[in-house]
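Below, each chain spelled out in residue letters.
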Amino acid sequence: MKKSQRFKRTIKLKKAFSANDEEHEDENASTTSTSTSRSKKPIIVRPKVKPNPQPLLPALESSIDMEKAVILSPDFFQIEALDLATRLLGKLLRRDDVVLRITEVEAYRPNDTACHGRFGITERTAPIFGPGGHAYVYLCYGLHTMLNVVADKEGTGAAVLIRACAPVMGLETIQQRRGQNTNKPVLLAGPGKVGQALGISTEWSNHPLYTPGGLEILDGPEPEKILVGPRVGIEYASPEHVSALWRFAIADSPWISAPKSTLRPA
DNA sequence: GAAAAGATTAAA
DNA sequence: TTAATCTTTTCC
């Protein structure tokens, strides 16, 4: 690694730990982005989509009373990742007028050969080792922004990937950001789709989810039954971690990503 | 310094 | 089934 790169890396690490809300105010803009620490950012042109007038399905998500939804405290997140994963099911993700109900998650844990924290603290993974309740956002395949919720105490290195959601509010905005004029599960069933629907980039990594404004997690209706299964797309991990049943979803929800066949009642 | 692969998605 | 697209990590 060159000296200049090392310097840049140090600066970014400091930034990653600074939990600063002011870094990403302008990200709703659909044209260009500011050139901060990242050298070049793509120009994102979102296709214009006519809003779909049909009501949200199923009925549960459209009956959630947002007036009563309260933001969750840091304590909620500072528990073991498997516990946090199941407890996040049914909770609400909000960014401005868009509200999503979390329907599917995966836990990534310390000493887990599938966890991004397995190589220790790096520029990208620093938020995972911070206190629970912050976001960890990373770019997958150079295209998709994946949202995780950091779990447990500072220094642990665990997180929960949000794999799918159901729309609660802001369907029009969601459809515009996704470029899909639909209210079917294809709209939000998949981790990259959730990130796109929320309009977040890696700049949001380390954003606190327990403070008002920006991106928040609110209390929501608890699921009655849940499904469990092995995690998706981690073939590179050790066999015990590939087979570990650390994927969870709300039973009976249509808002679940592929593959569904590996999920079983808990 | 180069190369490979990735917690994916949408279109062919 | 495959291309898109770029950061991180590993290998020589």
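Bear in mind the structure is a predicted one, so any value in this text is a computation, not a measurement.

Trainee: Describe the pairing of strand β8 (residues 247-250), and please don't skip the residues or the numbers.
Mentor: Going residue by residue along β8, you find Arg247 and Ala249 tucked away on one face and Phe248 and Ile250 tucked away on the opposite face as well. Pairing geometry for strand β2 (residues 98-108) and β8, over 3 bridges, is antiparallel. Note that in β8 the partner of glutamate 104 across the bridge is alanine 249. Bridge count for strand β7 (residues 226-229) against β8 is 4 bridges, and the pairing is antiparallel.

Trainee: Describe the protein's contact with DNA strand C, with residues and values.
Mentor: Inspection of the region around DNA strand C gives Phe119, Thr122, Arg124, Leu139, Tyr141, Gly142 and Leu143 as its neighbouring residues. Atoms of DNA strand C within 4 Å of the protein belong to the sugar or the phosphate in 75% of instances, the rest to bases. Tyrosine 141 has a polar backbone atom sitting 2.2 Å from a base oxygen of DNA strand C.

Trainee: Can you break down helix α4 (residues 81-88) residue by residue, with the values?
Mentor: Two residues of an α-helix separated by three or four positions point the same way, owing to the 3.6 residues in each turn. For α4, the full list of buried residues reads Ala81, Leu84, Ala85 and Leu88. Each buried residue of α4 lies within a common arc of 105° when the element is viewed along its axis, so the set occupies one face. Where α4 is buried, its residues contact α3 (74-77), β2, β4 (144-151), β5 (158-169), β6 (215-218) and β8. Put simply, glutamate 80 is the residue that caps the front of α4, since its side-chain oxygen is 2.7 Å from the backbone nitrogen of leucine 82. Phi for glycine 90, located one or two positions after α4, is positive at around 95°.

Rules of the game
- Residues numbered from 1 in each chain as written.
- Chains lettered and ligands numbered in written order.
- Predicted model: local features only at pLDDT ≥ 70, side-chain atom pairs only at ≥ 80, totals over all residues.
- Heavy atoms only, no water.
- Buried < 20%, exposed > 50% of the residue type's maximum accessible area, 1.4 Å probe, protein only.
- Helix = DSSP H or I, 4+ residues; strand = E, 2+ residues; numbered from the N terminus.
- Pairing = 2+ DSSP bridges.
- Near = heavy atom within 4 Å.
- Polar contact = N/O pair within 3.5 Å; in protein donor to acceptor, adjacent residues only side chain to side chain.
- Arc of directions from axis to C-beta.
- Contact = heavy atoms within 4.5 Å.

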